[in-house]
Amino acid sequence: MSSHPRNTYISFRSNRGIFPYCGTSIQADPLSALVQMCEEQISCLDGPTNDDSPMNRLTDASATEMVHGPLCISSLMNIGTPIWHVSHLFTPAHTPTFIDMTRILLTGSTGGLGSEVLRYILPLIAPSDLVIASPTPARVREAWPNLPAEVEIREGDYMRPETLPSALAGIDVFFIISYPSIAHEVRVRAHTHAIDAAKAANVKRVIYTSIAFGEGVADVMKPHIDTEAYLRNSGVEYTIIREGLYIEAFPFYLGFFDSTRDTDVYVPADGPVSWVDRAEVGEATAHIVAKGLYVNETVLLSGSASNVLSLSQLTEHCASVLKRPINFHVVGQDRYVEHYSGPAAQPPRDAKFVRSWGTAYIAVERGECAILTPVLEELLGRPSREIKEYVSQLVGGTEGALAQYAK
Ligand SMILES: NC(=O)c1ccc[n+]([C@@H]2O[C@H](COP(=O)([O-])OP(=O)(O)OC[C@H]3O[C@@H](n4cnc5c(N)ncnc54)[C@H](OP(=O)(O)O)[C@@H]3O)[C@@H](O)[C@H]2O)c1
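Everything numeric here is computed off the predicted structure, so don't read it as measured data. (Residues numbered from 1 in each chain as written. Predicted model: local features only at pLDDT ≥ 70, side-chain atom pairs only at ≥ 80, totals over all residues. Heavy atoms only, no water.)

Thoughts on the overall build of the chain
Here comes step 1: Looking only at helices and strands, one finds 16 helices and 15 strands in the chain.
Here comes step 2: Classification of the 407 residues of the chain by burial places 53% in the buried group.
Here comes step 3: Pairs at least 24 apart in sequence give 73% of the contacts found in the chain among residues at least 6 apart.
Here comes step 4: Carbon and sulfur atoms form 53% of the exposed surface of the chain, whose accessible area is close to 17,400 Å². (Helix = DSSP H or I, 4+ residues; strand = E, 2+ residues; numbered from the N terminus. Buried < 20%, exposed > 50% of the residue type's maximum accessible area, 1.4 Å probe, protein only. Contact = heavy atoms within 4.5 Å. Areas by Shrake-Rupley, 256 points an atom, 1.4 Å probe, with all protein chains shown as cover.)

Thoughts on the packing of helix α11 (residues 311-322) against helix α15 (residues 387-394)
How two helices sit against one another is set out by the angle between their axes and by the gap between those axes.
Here comes step 1: It is at 10 Å that the axes of α11 and α15 come closest, and there the two elements cross at 55 degrees. Here α15 runs oblique to α11, going by the angle between their axes. Here the hand of the crossing between α11 and α15 comes out right-handed. On the side of α11, the interface is formed by Leu314, His317, Cys318 and Val321, while α15 contributes Lys388, Val391 and Ser392.
Here comes step 2: In the contact of α11 with α15, the residues fall into four nonpolar, two polar and one charged. (Axes fitted to C-alpha atoms, helices over the stretch in contact; angles between N-to-C directions. Parallel < 35°, antiparallel > 145°, perpendicular 65-115°, else oblique. Left-handed = near helix turned anticlockwise from the far one by under 90°. Nonpolar A, V, L, I, M, F, W, Y, C, P; charged D, E, K, R; others polar.)

As for the sheet that holds strand β6 (residues 130-134)
Here comes step 1: Strand order across the open sheet formed by seven strands is β7-β6-β5-β8-β9-β10-β13, with parallel pairing between neighbours. Lying at the two open borders of the sheet, with one neighbouring strand each, are β7 (152-155) and β13 (297-301). The sheet shows a mean angle of 20 degrees between the axes of neighbouring strands, taken without regard to direction.
Here comes step 2: One ladder, built from three bridges, connects strand β5 (residues 104-106) with strand β8 (residues 173-176); its direction is parallel. Across the sheet, residue Ile104 finds its bridge partner in β8, namely Val173. (Pairing = 2+ DSSP bridges.)

Comments concerning helix α8 (residues 222-232)
Here comes step 1: Residues Pro223, His224, Thr227, Glu228 and Leu231 constitute the buried set of α8. Down the axis of α8, the buried set is contained in an arc of 135 degrees. They therefore lie on one face. (Arc of directions from axis to C-beta.)

Thoughts on the environment of Leu231
Here comes step 1: If you trace the backbone, Leu231 turns up in helix α8.
Here comes step 2: Through-space distance from the C-alpha of Leu231 to that of Asp196 is 9.1 Å; in sequence the pair is 35 residues apart.
Here comes step 3: Look past the residues within four positions of Leu231 in its chain and what remains in contact with it is Ile195, Val206, Tyr208, Val236, Tyr238 and Ile240.

A few points about the side chain of Thr239
Here comes step 1: Mapped onto the fold, Thr239 is located in strand β10 (residues 237-243).
Here comes step 2: With relative accessibility at 0%, the residue Thr239 sits in the buried group.
Here comes step 3: When residues no more than four places from it in sequence are discounted, the contact partners of Thr239 are Arg205, Val206, Ile207, Tyr208, Ile288, Leu293, Tyr294, Val295, Asn296 and Glu297.

Some details on helix α10 (residues 278-291)
Here comes step 1: Here α10 contains 14 residues, and its C-alpha end-to-end distance of 20 Å stays within 8% of the 20 Å for a straight helix at 1.5 Å per residue.
Here comes step 2: Burial of α10 is extensive: 14 of the 14 residues sit out of reach of the surface.
Here comes step 3: A positive phi of about 65 degrees marks Gly292, the residue just after α10. (Expected span 1.5 Å × (residues − 1).)

With respect to the nonpolar core
Here comes step 1: Counting residues in each nonpolar core, the largest one holds 57 residues, and the members touching the most others are Leu106, Ile121 and Phe174.
Here comes step 2: Among the elements that take part in this core, α10 stands out by supplying six residues, more than any other. (Core = buried A, V, L, I, M, F, W, Y, C linked by side-chain atoms within 4.5 Å.)

Concerning the environment of Phe257
Here comes step 1: By the secondary structure assignment, Phe257 is in the loop between α9 (250-253) and β11 (264-267).
Here comes step 2: Given the relative accessible area of 1%, Phe257 is considered buried.
Here comes step 3: C-alpha of Phe257 to C-alpha of Thr315: the two residues are 58 residues apart in sequence and 9.4 Å apart in space.

Overview of the pattern of salt bridges
Here comes step 1: According to the stated counting rule, one finds 18 salt bridges in the structure shown.
Here comes step 2: Measuring nitrogen to oxygen at the nearest pair gives 2.8 Å for the salt bridge that ties Glu237 to Arg205. With a gap of 32 residues between them, Glu237 in strand β10 and Arg205 in strand β9 (residues 205-211) connect regions that are remote in the sequence.
Here comes step 3: Assessed through its relative accessible area of 5%, Arg205 is described here as buried.
Here comes step 4: Here Arg242 and Glu215 are joined by a salt bridge, their closest N and O atoms 2.9 Å apart. Residue Arg242 is found in strand β10, and its partner Glu215 is found in the loop between β9 and α8; the two are separated by 27 residues along the sequence.
Here comes step 5: Judged by relative accessible area, which is 53%, Glu215 ranks as exposed.
Here comes step 6: Linked through salt bridges whose partners overlap, the residues forming this network are Glu215, Glu228, Arg232 and Arg242. (Salt bridge = Lys/Arg side-chain N within 4 Å of Asp/Glu carboxyl O.)

What to know about the packing of aromatic side chains
Here comes step 1: Per the stated rule, a full pass over the model turns up 10 aromatic pairs.
Here comes step 2: Here Phe252 and Trp357 contribute two aromatic rings whose centre-to-centre distance is 6.0 Å and whose plane-to-plane angle is 85 degrees, an arrangement assigned as edge-to-face. With a gap of 105 residues between them, Phe252 in helix α9 and Trp357 in helix α13 (residues 351-365) connect regions that are remote in the sequence. Exposure class is identical for Phe252 and Trp357. Each is buried.
Here comes step 3: Among the aromatic residues, ring-to-ring pairing joins Phe252, Tyr253, Phe256, Trp275, Tyr336, Tyr340, Phe353, Trp357 and Tyr361 into one connected group.
Here comes step 4: Looking at Arg385, its charged tip hangs above the ring of Tyr390, at a distance of 3.9 Å from the centre. (Phe/Tyr/Trp six-rings, centres within 6.5 Å; stacked < 30°, edge-to-face > 60°. Lys NZ or Arg CZ within 6 Å of the ring centre and 35° of its normal.)

Topic: the environment of His317
Here comes step 1: Tracing the backbone shows His317 in helix α11.
Here comes step 2: Owing to a relative accessible area of 13%, His317 belongs among the buried residues under this scheme.
Here comes step 3: For the pair His317 and Val395, spaced 78 residues apart in sequence, the C-alpha to C-alpha distance is 9.7 Å.
Here comes step 4: Ignoring anything within four residues of it in the chain, the contact list for His317 reads Lys388, Val391 and Ser392.

Structure, rendered in structure tokens:
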């Protein structure tokens, strides 16, 4: 690079558009100089837009000059947030590109978590950089009638691997929402298909949504552990997001609690859980995906210290919201399984499933679900939502959660 003039060509991309910028001379390490320059310019981007504003001067750069430049850097950046990401660095050995886009493929956009990720990523990236894959594209269109037309929707089904090469064509970043099933082998197979297809399609990075249990005891975590290991060993860049336990699924943790009738909650064990709001982990996840954060890392999005509640405290809170007593019983694994799968259960659930789900409580009792990190609030840029207040709203709708997660 040293024999070439060191003009720098950057595109600042934000929810106010794409701002090309060129002409700054870089003398030494181009990346550190770029960091400094981005920091200097960020206040311009966030500032008022009168004719003399530095932001308008940024947009004066001509596209013709940029395509002929020896060094072109495309930088993704969110207004007001001093986090930016150099997505591509082209040296003279490569064909200079004006603005090289990072195309991101999202999955799960009709689901609880994935729909929040989509909602919050839309203001962060250009719609033409976004592609959605779904086993049923028509459902995406139905769920998202006002999606910008530039967002491409493709068929992509983890269980039909033949659909994945076309879903992944031209994709740089593949966001995999974990397959919604409780069956270990099926789940791992779905994820393996997705990771293999990403590798075959030369996808640069795979981002996978795991869950916030620790290693080993909870059956619900085991397919995630296997998938995490497969992804880490795949040779593809990765980010693993252990999403905190979302409070929307709380009826499952309180003995399949049905707020319309239950007076008692039976659990095999109790312990602390740092609950999160699904929309907030979706928002934080969108920032990780859009900004390319935590490359080759596993990151935990836990709730805050003030949102740690044991299952008995959660039950007590539900009782106060419902204004009636709810008795909380810690009964061990066998009585728990009998209670929810035996002949007296209403409705009787599959004993194998209940026993397997019961292992989650061992993890809860060990404190696996109460490990705290500041990452969620850092990404949100604000304190996370107060969970007790949210539970007060959710308590009336427990049937929805039971139906959604009983798959
Ligand atoms: N962190 C937690 O506390 C927590 C709690 C509960 C569950 N989870 C797990 O986190 C993941 C996401 O949860 P969620 O609430 O978003 O689940 P969800 O509402 O059930 O959504 C699942 C999404 O996956 C899509 N999908 C289904 N089969 C697929 C396939 N074969 N190929 C590609 N996509 C497929 C669905 O698309 P369609 O609409 O087209 O079917 C849907 O968009 C799930 O694995 C879930 O089990 C985490």
